[in-house]
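Close look at the chain arrangement
Here is what each chain is made of, one letter per residue.
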Amino acid sequence: MFTAATPEKMGAHLRELILKHKDEYESVRQFSKDCLRFRNQEETEENINRMENRFSQMMKGKKKIQLKDMEAFCELLHVSCEEILRGEPCEKVDLPLCSYTVALSNDETMWKEYLQQPMRPALYTDEYGKTLVDYALEFKNHALIRYLMDEGYVWFADQDPERRSTCGLGGGMNVEGEGSLCARYDLMSNGWKTYSLLREDIIALAIENGDMEMLKIMKVSEAAESKGE
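Residues numbered from 1 in each chain as written. Predicted model: local features only at pLDDT ≥ 70, side-chain atom pairs only at ≥ 80, totals over all residues. Heavy atoms only, no water.

Some points on the packing of helix α3 (residues 45–59) against helix α4 (residues 67–77)
Closest axis-to-axis distance for the α3/α4 pair is 13 Å, and the angle between their directions is 90 degrees. The angle between the axes of α3 and α4 places the two elements in the roughly perpendicular class. Residues Arg54, Phe55 and Met58 of α3 pack against Lys68, Asp69 and Phe73 of α4. Here the residues of the contact of α3 with α4 are counted per class, giving three nonpolar, no polar and three charged. (Axes fitted to C-alpha atoms, helices over the stretch in contact; angles between N-to-C directions. Helix = DSSP H or I, 4+ residues; strand = E, 2+ residues; numbered from the N terminus. Parallel < 35°, antiparallel > 145°, perpendicular 65-115°, else oblique. Contact = heavy atoms within 4.5 Å. Nonpolar A, V, L, I, M, F, W, Y, C, P; charged D, E, K, R; others polar.)

Take a look at the structure:
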């Protein structure tokens, strides 16, 4: 249990958090726009002014932070509800490595450590029926998907004639052991998405991030030609 801070302390910490993310939110007004967008509200001049005024009052401690604002604050400022209510940073808790936490991370060292774990958990579905690749796509972690492909953990449209003759523009996932193939997990089996759906998700992510090189790797033009597009 913890005791919530005073409105003044909460507001001061909220201001610090917004300033900390000045690359994303150059002003309270910009943060107000993003909050409206997050809550699917119209970004009219009236709504923006009203939201900006509310936040300014919160940061001065003159208005309490409301429950309806919490979800947006946590998501946009990348903090927990507890930190906002405490009005100060919380002690960092190291979460166990799992496909969910790894897919949320942009830490390449963490990715590498997880992929090299002896039991190769990256290859298998968790209790929710999802894999590392599923979560990475769900969280739109383009950097992780690109890393998995660049390092040869995930392959698509492989140029190996024998393999391609059986899966066409499909794919698979490899996790190397001590210099040899430790495991191979075909994305088609055990609850994984079909090849085509998985390819579509990765292609959509590449387009969203302007990654033309990934589109070439995915043989997008070749796939279109094969469909007569």
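Read on for the rest.
With respect to a negative patch on the surface
A cluster of acidic residues, Asp107, Glu108, Glu113 and Glu151, forms a negative patch at the surface. Tracing the chain through its elements places Glu151 in the loop between α9 (142–150) and β1 (154–156). Here Glu151 falls in the partly exposed class, since its relative accessible area comes to 47%. (Patch = residues over 30% accessible without salt bridge, like charges linked within 9 Å, V, L, I, M, F, W, Y side chains within 5 Å. Areas by Shrake-Rupley, 256 points an atom, 1.4 Å probe, with all protein chains shown as cover. Salt bridge = Lys/Arg side-chain N within 4 Å of Asp/Glu carboxyl O. Lys, Arg positive; Asp, Glu negative; His and termini not counted. Charge placed at Lys NZ, Arg CZ, Asp CG, Glu CD. Buried < 20%, exposed > 50% of the residue type's maximum accessible area, 1.4 Å probe, protein only.)

Section: α4
An α-helical turn contains 3.6 residues, so any two residues separated by three or four positions project in the same direction. Residues Asp69, Met70, Ala72, Phe73, Cys74, Leu76 and Leu77 constitute the buried set of α4. Contacts made by the buried residues of α4 are with α1 (7–20), α2 (28–38), α3 and α5 (81–86). One or two steps after α4, the chain reaches His78, where phi turns positive at roughly 60 degrees.

Digging into the side chain of His21
By secondary structure assignment, the location of His21 is in the loop between α1 and α2. Within the structure, His21 has its side chain in polar contact with the backbone oxygen of Leu77 (distance 3.5 Å). The contacts of His21, once residues within four sequence positions are left out, are Leu77 and His78. (Polar contact = N/O pair within 3.5 Å; in protein donor to acceptor, adjacent residues only side chain to side chain.)

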